[in-house]
Amino acid sequence: MLEALGLTGEEEAIYRHLVARPSASAAEIGAALTLPVPRADELLRSLAARGLAGVLAGEHVAAVPPAVSGERFAAVPPAVSGERFAAVPPAVALGALLTVRREELRTAELALIALAEEHRSAATGRAIGDLIEIVTGVEAVRQRFAQVQHAAAHQVRSFSTAPFAAVPVGADAAGEQGVKRGIRYRMVVERDLLAAPGATREAMASLRQGVQVRVADRLPIRLIMADSALALVLLSTSPSDPPGAVLLHGSGLLAALEALFEAVWERARPLRTDGADGITELDTKILSLLLAGLTDEAVAGQLDLSLRTLQRRIRQLMDQAGVRTRVQLGWQAARRGWA
């Protein structure tokens, strides 16, 4: 709930723990939230640097001043054995963070106005044909799909929806090359796509290569973008449609697609494959796919498990988390960093 103010899930859990009691030590918080003590201490000091917590000195809270402009965190002294921390009152601490966020948004708004004016000036006199290219045919679309990725200097962002005939699952050689040359890849996958044959296996392989993958219930379009310079929007809505796409160069429409991607990315759920503390890699995959909204049958099929084996492992996870329902398991998985 406090992610909008820049807090991680672990930081929010610790702050809520502090708010509910007079004070706590790193050891107490570690025991209560199932965290290693050094990690609990690190997070407490992160909260202190943000002005949300302070070290108890006698009966008073010695709050660490927030970081000044340009610093991520203020300097915080190393751990002292037995140190106790107390929450700075939410009205004070969170109010300050809200003020900072408002100022950041205002700065971003001013930057947007300036950039929009700069873009209008640069685009004066440019023909529409210089900004938009219509692409038709499987080979042409496949070629542009690869060219967009080859053109990226920093990052590639994409929406993946229904299976695409021009670039089938497992056939994106340009993507593999981009990852190898250090391009940052961020991909949002539509939930139903994960149920397609081989789709989950491909997504998991991408994660292992360093691609960041998130899952959304629905995506409005299928697209791929190179930096802020190029975007390919696929126009086909069903496998029977003739392949077609629109290639966009820098323009107001491309800026709108960037904003759309970032908004969807923020709301989408991360897909994970790495084994979290306390559970296996397979259990991490199971939880990640279940939380993405796949049915038991779809998860079992994607992970090559029998339905009975899958449901047995889910029951074991529920027992391990000490919960009775899958909703409670989802909450515990998020709190413990399992998914």
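What counts and how
- Residues numbered from 1 in each chain as written.
- Predicted model: local features only at pLDDT ≥ 70, side-chain atom pairs only at ≥ 80, totals over all residues.
- Heavy atoms only, no water.
- Phe/Tyr/Trp six-rings, centres within 6.5 Å; stacked < 30°, edge-to-face > 60°.
- Helix = DSSP H or I, 4+ residues; strand = E, 2+ residues; numbered from the N terminus.
- Buried < 20%, exposed > 50% of the residue type's maximum accessible area, 1.4 Å probe, protein only.
- Arc of directions from axis to C-beta.
- Contact = heavy atoms within 4.5 Å.
- Pairing = 2+ DSSP bridges.

Asks: Could you give an account of the packing of aromatic side chains, naming the residues involved and the relevant values?
Replies: Any pair of aromatic rings gets described here by the distance separating the centres and the angle formed by the planes. Summed over all chains, the structure comprises two aromatic pairs. Ring geometry for Phe 159 versus Phe 261: centroids 5.3 Å apart, planes at 25°, classification stacked. Highlighted residues: Phe 159 in strand β6 (residues 155-160) and Phe 261 in helix α9 (residues 252-267), separated in sequence by 102 residues. Judged on exposure class, the residue Phe 159 and its partner Phe 261 are both buried. Centroid distance Phe 261 to Trp 265: 5.9 Å. Interplanar angle 20°. Geometry classified as stacked. Taken as a pair, Phe 261 and Trp 265 lie in helix α9 at a separation of four residues, close to a single helical turn. For Phe 261, a relative accessible area of 0% gives the class buried.

Asks: Can you lay out helix α2 (residues 26-33) for me, pointing to particular residues and giving the numbers?
Replies: Burial in α2 covers these residues: Ala 26, Ile 29, Gly 30 and Leu 33. Take α2 and look down its axis: the buried residues cluster within an arc of 100°, on one side only.

Asks: How would you explain the environment of Leu 194 if you had to name every residue and give the values?
Replies: Note on placement: Leu 194 falls in the loop between β7 (184-190) and α8 (199-209). For Leu 194 and Ser 160, which are 34 residues apart along the polypeptide, the C-alpha to C-alpha distance reads 9.9 Å. Sequence-distant contacts of Leu 194, defined by excluding residues within four places in its chain, comprise Val 189, Ala 199, Thr 200, Ala 203, Val 215, Leu 289, Leu 294 and Gln 302.

Asks: An account of the sheet that holds strand β5 (residues 132-136) is needed here, citing residue identities and associated values.
Replies: The pairing of strands in a sheet happens through backbone hydrogen bonds and is either parallel or antiparallel. Sheet architecture is open: eight strands sit in the order β5-β11-β10-β9-β6-β7-β8-β12, paired in mixed fashion. With one partner strand each, in any of the chains shown, β5 and β12 (269-270) form the two edges of the open sheet. Both strand β8 (residues 212-216) and β12 contribute to a ladder of two bridges, which runs antiparallel. Residue pairing in the sheet places Arg 214 in a bridge with Pro 270 of β12.

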